[in-house]
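Chains, contacts and geometry: an overview
Here is how the chains run, residue by residue.
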Amino acid sequence: MTVVAVLGRGVVPADTPILRADDLGAVRGDGVFETVHVRSGEPWLLDAHLDRMWRSAARLELPMPSRSDLVELAAQACAAWPPAGEGALRLVCTRGPESGGPPSVWVTLNEINERQLRGRHAGIAVRTLPLGYAVDARSAVPALLAGAKTLSYAVNMACLRWAAAEGADDVLWVSSDGYALEAPTSTLVWLTDGVLCTVPPASTGVLAGTTAAYLLAHAGELGWAAEERLVRPAELASAQGVWLTSSARGPAEIRALDGVALGPSAETPRVAKLLGFPT
Ligand code: PLP
């Protein structure tokens, strides 16, 4: 099931054409998006996602609609969704037609895909992949847009296809100087000696994950401290739990990294519960 809602039109049949052929989102990936988890009929952590969407748009100098328009569009889509079912709500804003015109703004709401559900329940096998930049290189060059959630995800999707071809479920990007960064659609989170950790977004250019931020902000409820740290992939072998987290997927425990078995972590059910995800 797919629900589509378009700014100025509301919910439309899912197969309705909504873009012009020269829309810069389609031909250049020039736009921003967010994926939000929908539970009990409501978008979860919507404010944090909208904050990040506006931060991303500012980096692209992208004109945005009013925030209340997007909140309303999200509510219209959720109203057309079965309240008991979870879903993935995607909010999209592009620069609009190349020939001029307003931004294109729409939302879609879909079921959580099989790959994400499988990872949440059974854990994932991950392969490291070099990203080719030193850990601090991208944050020093704002025009590289590291940390902005833009529509240009062809590289991210290619890396996931590479992982699948290698028999793995996901990729962990590694900097040229050997530090773990993030996955193509998820954030790295790990637990070591009672400290729940993630990679520092500001100095590395990884996307600041809303799920990881929520986990670290609430780590005290599980008796843990929280910290942003750099880590090398080999160091993750001694962690008490290693996860890739995202809004739609929730926490997916890494059970193998480059063929080395990790876990299972006794903490995974508690982490999922803290995030409100069914295990
Ligand atoms: N990193 C990247 C590159 C992503 O695309 C995403 C998800 O969209 C994440 C991390 C996880 O972010 P969030 O927890 O806000 O979904």
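Calculation notes
Residues numbered from 1 in each chain as written. Predicted model: local features only at pLDDT ≥ 70, side-chain atom pairs only at ≥ 80, totals over all residues. Heavy atoms only, no water. Helix = DSSP H or I, 4+ residues; strand = E, 2+ residues; numbered from the N terminus. Rg over C-alpha atoms; globule rule 2.2 N^0.38 Å. Buried < 20%, exposed > 50% of the residue type's maximum accessible area, 1.4 Å probe, protein only. Contact = heavy atoms within 4.5 Å. Areas by Shrake-Rupley, 256 points an atom, 1.4 Å probe, with all protein chains shown as cover. Lys, Arg positive; Asp, Glu negative; His and termini not counted. Charge placed at Lys NZ, Arg CZ, Asp CG, Glu CD. Pairing = 2+ DSSP bridges. Axes fitted to C-alpha atoms, helices over the stretch in contact; angles between N-to-C directions. Parallel < 35°, antiparallel > 145°, perpendicular 65-115°, else oblique. Left-handed = near helix turned anticlockwise from the far one by under 90°. Nonpolar A, V, L, I, M, F, W, Y, C, P; charged D, E, K, R; others polar.

When helices and strands are tallied, the chain shows eight helices and 14 strands. Expected size for 279 residues packed as a compact globule is a radius of gyration near 19 Å; at 19 Å, the chain falls within 12% of this value. The C-alpha extent of the chain, read off along each of the three principal axes, is 55 × 45 × 35 Å. Relative to its full complement of 279 residues, the chain shows a buried share of 51%. In the chain, the share of contacts with a sequence separation of at least 24, taken over all contacts with a separation of at least 6, comes to 70%. Per element, the accessible surface of the chain, about 12,300 Å² overall, is 55% carbon and sulfur. Here the chain carries 23 positive and 29 negative side-chain charges, and the mean point of each set is 2 Å from the other.

Time to look at the sheet that holds strand β3 (residues 31-39). Pairing is antiparallel in the open sheet, where six strands are placed in the order β2-β1-β6-β5-β3-β4. Among the strands making up the open sheet, the edge pair consists of β2 (10-12) and β4 (42-43). Bridge count between strand β1 (residues 2-6) and β2: three bridges; the pairing is antiparallel. In the strand pairing of β2, V4 is matched with V12. The strands touched by helix α2 (residues 46-60) within the sheet are β3, β4 and β5 (87-94), with β3 carrying the most contacts at an inclination of about 175 degrees.

Residue position: P97 is located in the loop between β5 and β6 (104-110). Overall, P97 belongs to the buried group, its relative accessible area being 10%. Residues within four places of P97 in sequence aside, it is in contact with R20, D22, D23, L24 and P102.

Omega for the peptide link from G263 to P264 comes to 0 degrees, which places this bond in the cis form. With respect to the element layout, P264 can be found in the loop between β14 (260-261) and α8 (268-274). If you check the backbone angles, L45 has positive phi at about 60 degrees while not being a glycine. Tracing the backbone shows L45 in the loop between β4 and α2. Phi at L145 takes a positive value of approximately 60 degrees, unusual for a residue other than glycine. With respect to the helices and strands, the residue L145 is situated in the loop between β7 (124-130) and α5 (154-165).

For the rest of this paragraph, the subject is the packing of α2 against helix α3 (residues 67-79). Each pair of packed helices can be described by the angle between their axes along with the distance between the axes. Interaxial distance between α2 and α3 falls to 12 Å at its minimum, and their mutual angle equals 135 degrees. Comparing the axis directions of α2 and α3 gives the class oblique. The interaxial crossing formed by α2 with α3 has right-handed handedness. In this structure, α2 contributes L46, D47, L50, D51, M53 and W54 to the contact, and α3 contributes R67, L70, V71 and A74. Split into classes, the residues belonging to the contact of α2 with α3 amount to seven nonpolar, no polar and three charged.

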